[in-house]
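# An overview of the molecular structure
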Amino acid sequence: QVQLVEFGGGLVQAGGSLRLSCAASGSVSSLFDMGWYRQAPGKQRELVATVTKIHNTNYADSVKGRFTISRDNAKNMVYLEMNSLKPEDTAVYYCNAQVPSTGFSAWGQGTQVTVSS
């Protein structure tokens, strides 16, 4: 299967930027749609952005124009560039790999992003 490891989280002031990275243990180039999700304290996990295996992207309305998801299939990496960060972006961010046609889904362990006001 696939194992996912996120890194790049941290503490940043409002208006700042962070880049999250997700490293996959196996090939993601031809099998998986990839995504970033987040979960704030006391809230449900929510979609942030997804990128399909053919590089189609989708974003939550709350991050459109501020976040950019990308993938490098040759390096088995997925990235989330986050700009103009707001305190409400504070959450644990999770990387996800899935195959919608089969229902397969895998998650990383998460990385904390904290945006101070």
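The text that follows walks through the structure, step by step, so that each part is easy to find.

What counts and how
Residues numbered from 1 in each chain as written. Predicted model: local features only at pLDDT ≥ 70, side-chain atom pairs only at ≥ 80, totals over all residues. Heavy atoms only, no water. Helix = DSSP H or I, 4+ residues; strand = E, 2+ residues; numbered from the N terminus. Rg over C-alpha atoms; globule rule 2.2 N^0.38 Å. Buried < 20%, exposed > 50% of the residue type's maximum accessible area, 1.4 Å probe, protein only. Contact = heavy atoms within 4.5 Å. Areas by Shrake-Rupley, 256 points an atom, 1.4 Å probe, with all protein chains shown as cover. Salt bridge = Lys/Arg side-chain N within 4 Å of Asp/Glu carboxyl O. Core = buried A, V, L, I, M, F, W, Y, C linked by side-chain atoms within 4.5 Å.

### Some thoughts on the overall build of the protein chain
The helix and strand tally for the protein chain stands at 0 helices and 11 strands. Taken from N to C terminus, the helices and strands of the protein chain fall in the order β-β-β-β-β-β-β-β-β-β-β. Since a compact globule built from 117 residues should have a radius of gyration of about 13 Å, the 13 Å found for the protein chain is in line with a globular shape. C-alpha extents for the protein chain along the principal axes are approximately 40 × 25 × 25 Å. Here the protein chain holds 117 residues, and the buried ones make up 45% of them. A separation threshold of at least 6 residues defines the contact pool for the protein chain, and within that pool the share at least 24 residues apart is 54%. About 6,000 Å² of surface is accessible on the protein chain, with carbon and sulfur atoms providing 49% of the total.

### Observations regarding the pattern of salt bridges
Under the criterion given, the structure shown has 5 salt bridges. Close ionic contact of Arg19 with Glu81 constitutes a salt bridge, the shortest N to O distance being 3.8 Å. Here Arg19, found in strand β3 (residues 18-24), pairs with Glu81, found in strand β8 (residues 77-82); they are 62 residues apart in sequence, far enough to count as distant. A residue is classified by how much of its surface remains accessible, and Arg19, at 44% relative accessible area, is partly exposed.

### A few points about the nonpolar core
Counting 31 residues, the largest nonpolar core has Leu4, Trp36, Leu80, Met82 and Tyr93 as its most contacted members. Secondary structure elements with two or more residues in this core: β3, β4 (33-39), β5 (46-51), β7 (67-72), β8, β9 (91-99) and β11 (111-116). The greatest single-element share of this core, amounting to 5 residues, is contributed by β9.

### Quick notes on unusual backbone geometry
Phi is positive for His55, close to 70°, though the residue is something other than glycine. With respect to the helices and strands, His55 occurs in the loop between β5 and β6 (57-59). Among the residues examined, His55 registers a relative accessible area of 43% and is labelled partly exposed. You will see that Asn76, though not glycine, has its phi angle at about 55°, which is positive. Counting through the fold element by element, Asn76 comes out in the loop between β7 and β8.

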